[in-house]
Structure formats: C-alpha cells, structure tokens
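Architecture and fold: a report
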Amino acid sequence: MRRRNWRLIEVGTVLLVLAVLFFLSMRDMTLWSNDPVALMRTVGEVSGVVGGISLAMIAFGLIGRKAPA
C-alpha cells in the first residue's frame, strides 16, 4: 500500500496557482511594454516551466511512497 505525500501535493498546487496568476497578471503589463510579444513569450516560458514542475510534483505526491512494513 502506498501513502500519498500531501505536502508535495499542496506545494505543487500552490505553485500551479501562482504560475497561472503570474501569467494572467502580466497580460496587463503589455500595455506599457516596448515589445509586448517578447514580454509575453518570456512570461509564457516562465509560467510553463513553473506549471510543469508543479504538475510533476503533484503527480509524484499522488503516487506516494511505500508505507512502512
């Protein structure tokens, strides 16, 4: 039987929410940018990396670890 790692799941969820909020909040900054395309390209890459790491953390947390025998 495997036990879920709830700390890993919680941290992954918080990181995923922060990545989405960062992406959505930076959309408003494009009005004041000299190059909005490059800004959103960079923001999208950063949000994608953080989102991918958080999804991996959630997956590993759901898989869990072996319960002590």
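Residues numbered from 1 in each chain as written. Predicted model: local features only at pLDDT ≥ 70, side-chain atom pairs only at ≥ 80, totals over all residues. Heavy atoms only, no water.

Observations concerning the overall build of the chain
Of the regular secondary structure elements, the chain holds two helices and two strands. In the chain, the succession of helices and strands from N to C terminus is β-α-α-β. Its C-alpha radius of gyration of 17 Å places the chain more than 25% over the 11 Å reference for a compact globule of 69 residues. Oriented by its inertia axes, the alpha-carbon framework of the chain measures out at about 60 × 15 × 10 Å. Put simply, the chain has 69 residues, and 17% of those count as buried. A separation of at least 24 residues holds for 75% of the contacts in the chain among residues at least 6 apart in sequence. Of the roughly 5,400 Å² of accessible surface on the chain, 68% is carried by carbon and sulfur atoms. Averaged over its 8 positive side-chain charges, the chain has a centre that lies 22 Å from the centre of its 4 negative ones. (Helix = DSSP H or I, 4+ residues; strand = E, 2+ residues; numbered from the N terminus. Rg over C-alpha atoms; globule rule 2.2 N^0.38 Å. Buried < 20%, exposed > 50% of the residue type's maximum accessible area, 1.4 Å probe, protein only. Contact = heavy atoms within 4.5 Å. Areas by Shrake-Rupley, 256 points an atom, 1.4 Å probe, with all protein chains shown as cover. Lys, Arg positive; Asp, Glu negative; His and termini not counted. Charge placed at Lys NZ, Arg CZ, Asp CG, Glu CD.)

A short note on helix H2 (residues 36-63)
Its 28 residues place the ends of H2 40 Å apart at the C-alpha level, agreeing with the 40 Å of an ideal helix rising 1.5 Å per residue. By the burial criterion, the buried members of H2 are Val 43, Ser 47, Gly 51, Ser 54, Met 57, Ile 58 and Gly 61. Buried residues belonging to H2 abut helix H1 (6-27). Gly 64 occupies a position one or two residues after H2 and carries a positive phi of about 80°. (Expected span 1.5 Å × (residues − 1).)

Here we look at H1
The end-to-end C-alpha distance of H1 is 32 Å, a good match for the 32 Å that 22 residues give at a rise of 1.5 Å each. Close packing links the buried residues of H1 with H2.

Section: a nonpolar patch on the surface
Together, Val 14, Val 17, Leu 18 and Leu 21 line one region of the surface with nonpolar side chains, adding up to about 360 Å² of accessible area. In this fold, Val 17 is placed in helix H1. Residue Val 17 is classed as partly exposed on the basis of its relative accessible area, which comes to 44%. (Patch = residues over 30% accessible without salt bridge, like charges linked within 9 Å, V, L, I, M, F, W, Y side chains within 5 Å. Salt bridge = Lys/Arg side-chain N within 4 Å of Asp/Glu carboxyl O.)

Section: the environment of Gly 52
Mapped onto the fold, Gly 52 is located in helix H2. Expressed as a C-alpha distance, the spacing of Gly 52 and Leu 16, which sit 36 residues apart in the sequence, is 8.3 Å.

What about the packing of H1 against H2?
Contact geometry for H1 and H2: axes closest at 8 Å, N-to-C directions at 165°. When the axes of H1 and H2 are compared, the pair comes out roughly antiparallel. Here H1 and H2 pass one another in a crossing that is left-handed. Each residue belonging to the contact of H1 with H2 can be placed in one class, and the counts come to 19 nonpolar, seven polar and one charged. (Axes fitted to C-alpha atoms, helices over the stretch in contact; angles between N-to-C directions. Parallel < 35°, antiparallel > 145°, perpendicular 65-115°, else oblique. Left-handed = near helix turned anticlockwise from the far one by under 90°. Nonpolar A, V, L, I, M, F, W, Y, C, P; charged D, E, K, R; others polar.)

By themselves these figures say nothing about function.
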